[in-house]
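# Results of the structural survey
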Amino acid sequence: MGEIQYEFDQKPEQGEFLEILPGINWLRMPLPMALNSINLWVIRDGDGWTIVDTGLGLEQSEGVWQNTLDNLVKDDPVHRVIVTHMHPDHAGMAGWLCRKFQATLWMTRAEYLMCRLLAADTGPAPEEGSSFYRGAGFAEDRIEKYQKRFGMFGSVIRPMPVGYRRLMAEETFRIGEHTWRVVMGSGHSPEHACLFCEERNLIISGDQILPTISSNVSVWPTEPDGNPLKFWLDSCARLRDSLPEDVLVLPAHGKPFRGARTRLQNLIDEHHQGLDKLLTLCQEPKRAVDVFPALFKSEIKDGNFIMA
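Bear in mind the structure is a predicted one, so any value in this text is a computation, not a measurement. (Residues numbered from 1 in each chain as written. Predicted model: local features only at pLDDT ≥ 70, side-chain atom pairs only at ≥ 80, totals over all residues. Heavy atoms only, no water.)

## Details of the packing of aromatic side chains
Counted by the stated rule, this structure contains eight aromatic pairs. Centroid distance Tyr-146 to Phe-150: 6.0 Å. Interplanar angle 75 degrees. Geometry classified as edge-to-face. The class of Phe-150 is buried, set by a relative accessible area of 16%. Members of the aromatic cluster, each reached through a chain of ring pairs, are Phe-132, Tyr-133, Phe-138, Tyr-146 and Phe-150. Taking NZ or CZ as reference, Arg-44 lies 4.0 Å from the ring centre of Trp-49, over its face. Just above the ring of Trp-106 sits the side chain of Arg-80; from NZ or CZ to the centre is 4.7 Å. (Phe/Tyr/Trp six-rings, centres within 6.5 Å; stacked < 30°, edge-to-face > 60°. Buried < 20%, exposed > 50% of the residue type's maximum accessible area, 1.4 Å probe, protein only. Lys NZ or Arg CZ within 6 Å of the ring centre and 35° of its normal.)

Structure (structure tokens):
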């Protein structure tokens, strides 16, 4: 396989949008974290628009959306808001947009229900969660941070619509003049929807295919015996075998690129290399905190300390 190739020399500034193909606009929404922006997509849909992913539910995001609505959407309707998966940088402003335009929210069932559940789960932190992280080897000061941070998910999600339109694997639907197919992934989130348009040879990949980083794949207290890495690797292999190598990938983070099969194989290889390291390291029993440096070349710090 070859190398990935970036498609566009130009990218929009944070908070701005750019039409990269006829009817497809790339909006870069700022994020207040190390991963400092997310790519959102505003697609011409007949007499109106379809929005794919929405940004965190923050005042800053509302301001960026208002600028986009004033200068791109204008007086046209937004017919639907599609959210690839439940994470707040993707789903955070979905409710706000749906209410503003009386638009329909489109999500897969597992993502919608899990998003509603986590947004409503405001605390106090459950003892099962604290026990889970103690078992992984976290010290009590980290456990206290988990307990204090518990419920933050809902603070960056605007209230979700009480109803939605379910997306299902391999279904097809029209956005404007073109047919799109739902390609499902898993592991990073339960039922992640990518949107593939064969006619235009492009895929909106969300966090399922990123050009330079691998998406977070974690075991959480809600499913302590889960094996999300298996689902992630299976998803990557399925996408690698089904997508054209020259498909234009529109990722949630980073720049649009071609070379999907190459990138997916790289993701698979990186994880297998990590598993080989783990097998060697775990000749004697180890805790999760003990193996983190071998996998990520760093220790667990506040910047990469994620608990939910």
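Picking up after the structure, the text goes on.
## Thoughts on the sheet that holds strand E14 (residues 257-258)
Ordered by their spatial adjacency, seven strands build an open sheet running E1-E14-E13-E12-E11-E10-E9, and the pairing between neighbours is mixed. Each edge of the open sheet is held by one strand with a lone partner, namely strand E1 (5-6) and strand E9 (172-175). Pairing analysis gives four bridges linking E9 to strand E10 (residues 178-185), with the strands arranged antiparallel. Bridge assignment links Phe-173 to a residue of E10, and that residue is Trp-180. (Pairing = 2+ DSSP bridges. Helix = DSSP H or I, 4+ residues; strand = E, 2+ residues; numbered from the N terminus.)

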